[in-house]
Amino acid sequence: MLIIGLTGGIGSGKSTVAELFRQLGIPVIDTDLISRQLVEPGMPALEEIKSSFVNVTTSAGELDRLKLRQVIFDNADKRQQLENILHPRILDEVKRQLSELHSPYVIVVIPLLAEKGKWGFIDRVLVIDCDEQLQFQRTMKRDNQDKEQIQKIIKSQASRQQRLALASDIISNESDLDYLEQQVMQLDNEYRKMASN
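Residues numbered from 1 in each chain as written. Predicted model: local features only at pLDDT ≥ 70, side-chain atom pairs only at ≥ 80, totals over all residues. Heavy atoms only, no water.

Colleague: I tried to follow the packing of helix α3 (residues 44-52) against helix α5 (residues 76-99) on my own but got confused; where do I start?
Modeller: Two packed helices can be described by the angle between their axes and the distance between those axes. The interhelical angle for the contact between α3 and α5, taken along N-to-C directions, is 165°, at an axis separation of 10 Å. Relative to α5, the element α3 is oriented roughly antiparallel. As α3 packs across α5, the resulting crossing turns out to be right-handed. Facing Pro-44, Ala-45, Glu-48, Ile-49 and Ser-52 of α3, the residues of α5 in contact are Lys-78, Gln-81, Leu-82, Ile-85, Leu-86 and Arg-89. For the contact of α3 with α5, the residue count by class is 6 nonpolar, 2 polar and 3 charged. (Axes fitted to C-alpha atoms, helices over the stretch in contact; angles between N-to-C directions. Helix = DSSP H or I, 4+ residues; strand = E, 2+ residues; numbered from the N terminus. Parallel < 35°, antiparallel > 145°, perpendicular 65-115°, else oblique. Left-handed = near helix turned anticlockwise from the far one by under 90°. Contact = heavy atoms within 4.5 Å. Nonpolar A, V, L, I, M, F, W, Y, C, P; charged D, E, K, R; others polar.)

Colleague: Even after reading the chapter, I still don't get helix α7 (residues 147-156), so can you show me in this structure?
Modeller: The α-helix winds at 3.6 residues per turn, so residues separated by three or four positions along the chain end up facing the same way. All of the buried residues along α7 are Gln-149, Ile-150, Ile-153 and Ile-154. Buried residues in α7, looked at end-on, bunch into an arc of 135°, giving them a common side. Opposite the buried face of α7, by more than 90 degrees, sit the exposed residues Lys-147, Glu-148 and Lys-155. Taken together, the buried residues of α7 touch α4 (65-73) and α6 (132-143). (Buried < 20%, exposed > 50% of the residue type's maximum accessible area, 1.4 Å probe, protein only. Arc of directions from axis to C-beta.)

Colleague: Would you mind going over the pattern of salt bridges with me for this structure?
Modeller: Two side chains that carry opposite charge are able to pair once their charged atoms sit near each other. As enumerated under the stated definition, the model contains 9 salt bridges in all. Here Glu-100 and Arg-96 are joined by a salt bridge, their closest N and O atoms 2.9 Å apart. Relative accessible area serves as the criterion here: at 53%, Glu-100 is assigned to the exposed category. The residue Arg-160 makes a salt bridge to Asp-129 at a minimum N-O spacing of 2.8 Å. Note that Arg-160 is positioned in helix α8 (residues 160-166) and Asp-129 in strand β4 (residues 124-129), a separation of 31 residues in sequence. Taken together, the shared-partner salt bridges in this structure form one network comprising Glu-93, Arg-96 and Glu-100. (Salt bridge = Lys/Arg side-chain N within 4 Å of Asp/Glu carboxyl O.)

Structure below.
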């Protein structure tokens, strides 16, 4: 089974592209979704986060993402600490899900693929690319966060050039949904051919 690592900066359109592949019958493993499931109440990862970070849960005992995000974006050591808790668990879950799939190829959505190595089982890297200004506008519209916070997130991620340097394939997301769908269908065709060889 061909394993495609899908990546791109915040607001680049990763979720939209992943959904388009899903509509073509291709399984999608989303590391963001896995990350959210790992920190649900009662999960070991959440307990470890609680003991490593102060005041990052709500009164209901759930993870307060906004508070945690503020802590880690202002402190590289804290960010590393959080990654050490979550990344090995995410990797294990991705491998578990992969082992249960039967498909010509699979899409694994990995937002920080360019920033974090350890994805040696990926056969090809698909980068969803768009202009940084467009990323910024989309994220503002979607996340309702302040400009400064979004700029921090964009700065903390790999640059557009770094991501493109890793790309086996590129989807440009600077136009409309029709154009996006065309590119996905073309790649779907190519990936199915590759998988059958």
